[in-house]
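Secondary and tertiary structure notes
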Amino acid sequence: MAPEALEEIRAREGLSEIRAVTEANGQGAAFWLPMTPADLPAVMAVAEEVHPDYPEDAAIFAERLTLHPAGCLCLADSQGVAGYVLSHPWRLYDIPALNALLGAIPAGASAYYVHDLALLPRTRGTGAASEIVDRLADQARASGFAAIALVAVNRSVGFWQRHGFRETHDVALDRKLASYDDAARYMTRTLEGVAADR
Ligand SMILES: CC(C)(COP(=O)(O)OP(=O)(O)OC[C@H]1O[C@@H](n2cnc3c(N)ncnc32)[C@H](O)[C@@H]1OP(=O)(O)O)[C@@H](O)C(=O)NCCC(=O)NCCS
């Protein structure tokens with residue numbers, strides 16, 4: 001992506017709220033931007049590179065973007081899309097199966113679910129991942145969700161622990177984790193200041 005294209009991206013609606021997060025990695029600035037359908041091929045390319053063991057169809061990405069656009073962002077730098085996050089409200093202690101359509105966001109969803117956060121190596125270690133986790137937590141808290149949940153893969157448990165997530169075990173959950181692999185862990189983080197009975 002040429003620098004002019006980055007400027008075009010900057011001009012997208014809502015971008016005024018988004019600040020540069022990575023200046024220190026030799027790639028120049030990077031921005032978390034609202035994802036659009038036009039970004040999906042580039043987002044898929046990142047997914048194929050970062051998650052070769054957890055392939056998901058384009059339809060899965062497209063559906064999440066349609067169902068909850070506010071939870072879908074991509075990290076763009078001068079070379080293009082360098083990362084993404086997909087997230088949406090969901091039932092606490094429930095795991096959407098891998099590579100399966102959701103159908104709809106459940107009514108009365110009690111938790112906020114991070115389906116995937118993936119960065120290409122060139123933007124790792126810059127704080128961009130922590131930046132978006134903090135923003136999603138703030139959004140989820142502001143929307144009244146009492147917890148955030150996710151399935152940690154790729155030895156990312158330590159990263160999530162640093163962000164206040166803890167492993168949560170349950171027989172039914174552990175069975176559903178089988179659609180991932182033996183190392184996958186269901187993790188939750190309570191959002192302070194929100195009534196737990198939501
Ligand atoms: C997981 C991922 C998003 C983290 O991105 P990152 O760029 O390393 O994150 P940050 O730079 O914001 O790191 C924040 C802190 O977490 C630490 N950290 C990062 N990954 C870690 C890990 N696997 N275990 C323990 N700590 C980790 C960093 O050292 C850093 O610590 P510091 O604040 O003391 O410097 C990134 O490595 C990635 O995309 N991995 C591949 C995809 C993936 O596994 N995603 C998770 C799916 S659930």
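The rules we used
- Residues numbered from 1 in each chain as written.
- Predicted model: local features only at pLDDT ≥ 70, side-chain atom pairs only at ≥ 80, totals over all residues.
- Heavy atoms only, no water.
- Salt bridge = Lys/Arg side-chain N within 4 Å of Asp/Glu carboxyl O.
- Helix = DSSP H or I, 4+ residues; strand = E, 2+ residues; numbered from the N terminus.
- Buried < 20%, exposed > 50% of the residue type's maximum accessible area, 1.4 Å probe, protein only.
- Near = heavy atom within 4 Å.
- Polar contact = N/O pair within 3.5 Å; in protein donor to acceptor, adjacent residues only side chain to side chain.
- Areas by Shrake-Rupley, 256 points an atom, 1.4 Å probe, with all protein chains shown as cover.
- Nonpolar A, V, L, I, M, F, W, Y, C, P; charged D, E, K, R; others polar.
- Disulfide = S-S within 2.5 Å.
- Contact = heavy atoms within 4.5 Å.
- Core = buried A, V, L, I, M, F, W, Y, C linked by side-chain atoms within 4.5 Å.
- Phe/Tyr/Trp six-rings, centres within 6.5 Å; stacked < 30°, edge-to-face > 60°.
- Lys NZ or Arg CZ within 6 Å of the ring centre and 35° of its normal.

For the coordinates displayed, the defined rule picks out 5 salt bridges. As a salt-bridge pair, R122 and D77 come within 2.8 Å of each other at their nearest N and O atoms. Here D77 lies in strand β2 (residues 72-77) and R122 lies in the loop between β4 (111-119) and α4 (128-142), a separation of 45 residues in the sequence. R122 gets classed as partly exposed once you look at its relative accessible area, which sits at 22%. The exposure class assigned to D77 is buried, which follows from its relative accessible area of 1%. Residues participating in the shared-partner salt-bridge network are R91, D94 and K176.

Inspection of the region around the ligand gives 21 residues, with L117, L119, G125, S130 and R162 positioned closest. G127 places a polar main-chain atom, nitrogen or oxygen, 3.4 Å from an oxygen atom of the ligand. Starting from 920 Å² of accessible surface for the ligand in isolation, the protein chains cover 69%. Mapped by element, the contributors of at least two residues to the shell around the ligand are β4, α4, β5 (147-152) and α5 (157-162). Tallying contributions element by element places α5 first for the shell around the ligand, with 4 residues. Of the residues that constitute the shell around the ligand, the class distribution is 10 nonpolar, 8 polar and 3 charged.

Taken as a whole and assessed by the stated rule, the structure comprises 0 disulfides. C72 supplies the cysteine sulfur nearest to C74, a cysteine that is in no disulfide, at a spacing of 9.7 Å. Look at C74 and you get buried, because its relative accessible area is 2%.

This part covers helix α3 (residues 58-67). Three or more residues of α3 are buried, namely I60, F61, E63, R64 and L65. Considering only its buried residues, α3 is in contact with α2 (40-50), β2, β3 (80-90) and β4.

This part takes up the nonpolar core. Counting 25 residues, the largest nonpolar core has W32, V85, L117 and W160 as the members making the most contacts within it. For this core, the secondary structure elements donating two or more residues are β2, β4, α4, β5 and α5. The greatest single-element share of this core, amounting to 7 residues, is contributed by α4. Discounting residues that sit within four places of it in the chain, L117 has contacts with W32, H51, Y84, V85, A129, I132, V133, F159 and W160. In this structure, M35, V43, L86 and A118 belong to the second largest nonpolar core, which totals 17 residues.

Counted according to the given criterion, the structure contains 6 aromatic pairs. Taking the centre distance of 4.9 Å and the plane angle of 80° together, the rings of F159 and W160 count as edge-to-face. For W160, a relative accessible area of 7% gives the class buried. Each member of the aromatic cluster is reached from another via a ring pair, and the members are F159, W160 and F165. Sitting over the face of the ring of W90, R91 holds its NZ or CZ atom 4.7 Å from the ring centroid.

Fair warning: the whole summary comes from geometry, so function is off the table for now.
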